[in-house]
Amino acid sequence: MSEVVAIYPGSFDPLTNGHVDIIHRGSRFFDRIVVSVLVNVEKAPLFTAPERVAIAREVFSGWANVEVDTFDGLLVEYAQSKHASVIVRGLRAVSDFEYEMQMALMNRRLSPDVETIFMMPAETYSYVSSRLVKEVVALGGSVHGLVPEIVERRLREKKLARETLRA
Ligand code: PNS
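As the structure is a computational prediction, the values presented were derived from the model and not from experiment.

How each quantity is defined
Within every chain, residues take consecutive numbers counted from 1 along the sequence as written. In view of the model being predicted, local features appear only for residues whose pLDDT reaches at least 70, and side-chain atom pairs are presented and counted only at 80 or more, with totals across whole chains, interfaces and linings using the full set of residues. Side-chain descriptors were evaluated using all non-hydrogen atoms of the structure, hydrogens and water having been removed beforehand. Put simply, DSSP marks the helices as runs of H or I at least four residues long and the strands as runs of E at least two long, and each gets a number from the N terminus on. What the globule rule says is 2.2 Å times the number of residues to the power 0.38, and the radius of gyration is computed from C-alpha atoms. Any carboxyl oxygen of Asp or Glu that lies within 4 Å of a side-chain nitrogen of Lys or Arg is treated as forming a salt bridge with it. Here, two residues are considered to be in contact whenever any of their heavy atoms come within 4.5 Å of each other. We call a residue near a given molecule or strand whenever any one of its heavy atoms falls within 4 Å of it. Two N or O atoms count as a polar contact when they lie within 3.5 Å, although within protein this holds only if one can serve as hydrogen donor and the other as acceptor, and sequence-adjacent residues are included solely when both atoms are side-chain atoms. What sets the accessible areas is the Shrake-Rupley method with a 1.4 Å probe; for residues, cover comes only from the shown protein chains. When accessible area is computed with a 1.4 Å probe and restricted to protein chains, residues below 20% of their type maximum are described as buried, those above 50% as exposed, and intermediate ones as partly exposed. Working rule for helices: expected span equals 1.5 Å times residues minus one. Note: the arc covers the axis-to-C-beta directions of the helix. Side-chain atoms within 4.5 Å are what join buried Ala, Val, Leu, Ile, Met, Phe, Trp, Tyr and Cys residues into a set we call a nonpolar core. Any two strands with at least two DSSP-identified bridges between them are counted as paired. Inter-axis angles, ranging from 0 to 180 degrees, are taken between N-to-C directions of lines fitted to C-alpha atoms, where helices are fitted over the stretch in contact.

Draft legend 1. Looking closely at the overall build of the protein chain. Across its full length, the protein chain holds six helices and five strands. Reading the protein chain from its N end, one meets helices and strands in the order β-α-β-α-β-α-β-α-β-α-α. For the protein chain, the C-alpha radius of gyration of 16 Å lies close to 15 Å, the compact-globule estimate for 167 residues. Overall, the protein chain is about 55 × 35 × 30 Å in size when its C-alpha atoms are taken along their principal axes.

What follows is the structure, given as structure tokens:
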């Protein structure tokens with residue numbers, strides 16, 4: 001049987017431990033999982049695409065079947081270009097459901113051969129989002145344990161750089 005390739009798309013601005021948890025679960029089920037970083041995020045991202053990719057590459061450097069890539073444009077076209085038959089998405093709470101259902105059904109309409117599979121992160125991370133992580137750090141709070149250490153460092157560096165610019 002041919003290998004099953006899954007893509008795990010997202011903005012990853014920044015990568016959280018919730019994302020890492022989903023990738024860990026996915027890496028046990030699929031032959032290969034491609035962490036696919038969306039280049040053109042609608043709102044101005046905190047981290048540039050190369051920064052988001054560099055962080056993910058460092059976090060997953062020892063993970064044999066996990067690779068990190070970027071994409072732009074239609075997700076299903078990108079999935080086909082990677083020979084991926086699965087799109088993995090995390091579902092934290094009911095509040096995620098509507099947006100995820102719409103995307104999954106639109107993607108199915110565009111490409112019936114690509115299946116979206118939802119995974120739940122560990123309950124420890126069920127309230128963690130990139131948006132809240134950025135907000136807490138911007139306001140001086142700690143996100144220790146909620147993001148990989150490299151993300152914690154990079155967030156601190158970004159905050160310092162922004163404060164220096166404003167001074
Ligand atoms: O981490 P995010 O921001 O929730 O990820 C959203 C993402 C990247 C999965 C979504 O914005 C996406 O798939 N963008 C690609 C554009 C696309 O294919 N749109 C039409 C299908 S819904």
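Anyway, onward from the coordinates.
Draft legend 2. Local environment of the pattern of salt bridges. Inspection of the entire model under this criterion finds 15 salt bridges. With a closest N to O distance of 3.4 Å, Asp69 and Lys82 form a salt bridge. Placement of Asp69 in strand S3 (residues 66-71) and of Lys82 in the loop between helix H3 (75-81) and strand S4 (86-90) is noted, with a sequence separation of 13 residues between them. Within the structure, one salt-bridge network assembled from shared partners comprises Glu3, Arg32, Glu67, Asp69 and Lys82.

Draft legend 3. Representation of the side chain of Glu152 in the model. Looking at the secondary structure, you find Glu152 in helix H6 (residues 149-166). Once you skip the residues sitting within four places of it in the chain, Glu152 turns out to touch Val143, His144, Gly145 and Val147.

Draft legend 4. Representation of the site of the ligand. Around the ligand sit Gly10, Ser11, Leu38, Phe71, Gly73, Leu74, Leu75, Arg89, Tyr99, Met103 and Asn107, and that is every residue in its neighbourhood. In this structure, Ser11 approaches the ligand through a side-chain N or O atom, which is 2.5 Å from an oxygen atom. For the ligand, the protein covers 73% of the area, taking 550 Å² as the surface of the free molecule.

Draft legend 5. Main features of the environment of Glu123. Residue position: Glu123 is located in the loop between strand S5 (115-119) and helix H5 (130-138). On the accessibility criterion, Glu123 (67% relative accessible area) is exposed.

Draft legend 6. Representation of helix H1 (residues 17-29) within the structure. Over its 13 residues, H1 extends 19 Å from the first C-alpha to the last, a length consistent with the 18 Å expected when each residue adds 1.5 Å. All of the buried residues in H1 are Asn17, Gly18, His19, Val20, Asp21, Ile22, Ile23, Gly26 and Ser27. Where H1 starts, the residue carrying a side-chain oxygen 3.2 Å from the main-chain nitrogen of Gly18 turns out to be Thr16.

Draft legend 7. Quick look at the environment of Lys159. Following the sequence through the fold, Lys159 ends up in helix H6. Placed 25 residues apart in sequence, Lys159 and Lys134 show a C-alpha to C-alpha distance of 9.8 Å. For Lys159, the contacting residues outside a window of four places in its chain are Val137, Ala138 and Gly140.

Draft legend 8. Summary view of helix H2 (residues 49-59). Within H2 the residues assigned to the buried category are Ala49, Arg52, Val53, Ile55, Ala56 and Val59. Down the axis, H2 shows its buried residues gathered within 160° of arc, on one side only. The secondary structure elements touched by the buried residues of H2 are H1, strand S2 (32-38), S3 and H6.

Draft legend 9. Summary view of the nonpolar core. Membership of the largest hydrophobic core comes to 34 residues, with the highest contact counts inside it found for Phe60, Val88 and Leu155. By residue number, the principal contributor to this core is H2, which donates four residues. Among all residues touching Leu155, those that are not within four sequence positions of it are Pro14, Leu46, Phe47, Val133, Val137 and Val143. Membership of the second largest hydrophobic core comes to 10 residues, among which are Ile7, Val34, Phe71 and Leu75.

Draft legend 10. Expanded view of the sheet that holds S3. Pairing is parallel across the open sheet formed by five strands, whose spatial order is S3-S2-S1-S4-S5. A strand with exactly one partner marks an edge of an open sheet, and here the two such strands are S3 and S5. Each strand axis lies, on average, 30° off the axis of its neighbour in the sheet, ignoring direction. With two bridges joining them, strand S1 (residues 5-10) and S4 adopt parallel strand pairing. Considered in S4, the bridge of Ile7 is made with Ile87. Together, S4 and S5 form the strand contacts of helix H4 (residues 94-110), whose direction differs from that of S4 by roughly 170°.

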